[in-house]
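Survey of secondary and tertiary structure
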Amino acid sequence: MRKLRILLPLLALIMIAGCSSRSIVEPVKPSASSSYLLQHSGVLSIAGKRMPLRGMLLLKPEQKTARVVMLNDMGMKLLVAEITADNKGRFESKKIFASPFLRMIPPFYDESMRCIYELYLAPQNTDLKETKIITEGKKRIGNREFAAHTIITDPQGNYTLELFLDSGSQKDS
């Protein structure tokens, strides 16, 4: 009987404590944003001359930014630039480096930035297509599809740039 007197208050305490609620708040994990490193090869045709090119594009769709590096076939830098888009169909670019050769083609930089915007950063509903861009085929990189072959023609017909998506990778940050 004596054990029961000690045991009853102890059981009552366990029942009261067992019924109390304790909320555990888990910190919200931010969704992983992906970036894509795309490697292209291409050919720039100007006035009947063809110049092989290579390029890399670091695309961050969540931040709506891209960084592009263009090289000639010997690995010399031709262009390094960054481009940032907004949701209103506009973009800004920052020319980090442009070779003297590309500076001799005044519209090339602006057209390149416009094409990168239209191909990779433009909202799907934009109707900005000022440059003639033809895409063929698709390559899946990570959880996204990209054009396997792209042909860009200057509206005045001064040049044509043909790009082939050679490889790419997705990185989660």
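It should be noted that the structure appears before, not after, this text.
Residues numbered from 1 in each chain as written. Predicted model: local features only at pLDDT ≥ 70, side-chain atom pairs only at ≥ 80, totals over all residues. Heavy atoms only, no water.

The next thing to look at is the overall build of the protein. Helix and strand content of the protein: three helices and eight strands. Going from the N terminus to the C terminus, the protein shows its helices and strands as α-β-β-β-β-β-α-α-β-β-β. Looking at the protein as a whole, 33% of its 173 residues are labelled buried. Within the protein, counting contacts between residues at least 6 apart in sequence, those at least 24 apart form 42% of the total. Carbon and sulfur atoms provide 56% of the accessible area of the protein, an area that totals close to 11,700 Å². (Helix = DSSP H or I, 4+ residues; strand = E, 2+ residues; numbered from the N terminus. Buried < 20%, exposed > 50% of the residue type's maximum accessible area, 1.4 Å probe, protein only. Contact = heavy atoms within 4.5 Å. Areas by Shrake-Rupley, 256 points an atom, 1.4 Å probe, with all protein chains shown as cover.)

Residues Leu38, Met113, Ile116, Tyr120, Leu121 and Phe146 are the most contacted members of the largest nonpolar core, which totals 34 residues. Of all the elements in the fold, those that place two or more residues in this core are strand E1 (34–46), strand E2 (49–60), strand E3 (65–72), strand E4 (77–85), helix H3 (106–121), strand E7 (144–153) and strand E8 (159–172). Here this core gets eight residues from one element, more than from any other, and that element is H3. Among all residues touching leucine 38, those that are not within four sequence positions of it are Gly55, Met56, Leu57, Tyr120, Ile141, Phe146, Leu165, Ser167 and Gly168. (Core = buried A, V, L, I, M, F, W, Y, C linked by side-chain atoms within 4.5 Å.)

A word on the pairing of E8. For E1 and E8, the ladder comprises 13 bridges, and the chain directions are antiparallel. Opposite histidine 40, over in E8, you have leucine 165 as the bridge partner. With five bridges joining them, E7 and E8 adopt antiparallel strand pairing. If you follow isoleucine 152 over to E8, its bridge partner there is leucine 161. (Pairing = 2+ DSSP bridges.)

So, on to unusual backbone geometry. Working note: non-glycine residues mostly have negative phi, and peptide bonds are mostly trans. Look at lysine 64: it is not a glycine, yet its phi comes out positive at around 55°. Mapped onto the elements, lysine 64 comes out in the loop between E2 and E3.

The next subject is the side chain of asparagine 72. In this structure, asparagine 72 sits in strand E3. Here asparagine 72 falls in the buried class, since its relative accessible area comes to 12%. Residues within four places of asparagine 72 in sequence aside, it is in contact with Pro52, Leu53, Arg54 and Leu78.

To continue, consider the pattern of salt bridges. Within the structure shown, the criterion is met by two salt bridges. A salt bridge links glutamate 82 to arginine 67; the shortest N-O distance between them is 2.8 Å. Of this pair, glutamate 82 sits in strand E4 while arginine 67 is found in strand E3, placing the two residues 15 residues apart along the sequence. Between aspartate 86 and arginine 90 there is a salt bridge whose closest N-O contact spans 3.1 Å. Taking the relative accessible area as the measure of exposure, aspartate 86 reaches 26% and is therefore partly exposed. For arginine 90, a relative accessible area of 48% gives the class partly exposed. (Salt bridge = Lys/Arg side-chain N within 4 Å of Asp/Glu carboxyl O.)

Taken together, eight strands build an open sheet; the order of strands is E5-E4-E3-E2-E1-E8-E7-E6 and the sheet is antiparallel. Of all the strands in the sheet, just strand E5 (91–98) and strand E6 (132–141) have a single pairing partner and so form its edges. The average undirected angle you get between the axes of adjacent strands in this sheet is 20°. (Axes fitted to C-alpha atoms, helices over the stretch in contact; angles between N-to-C directions.)

The next thing to look at is the pairing of E5. Across a regular strand the side chains alternate sides, sitting on one face of the sheet and then on the other. Examined bridge by bridge, E4 and E5 share seven bridges and lie antiparallel to one another. For valine 80, the partnering residue across the bridge sits in E5 and is phenylalanine 97. With antiparallel pairing between neighbouring strands as the criterion, E4 and E5 make up a hairpin whose turn holds five residues, including glycine 89 at a positive phi of roughly 80°.

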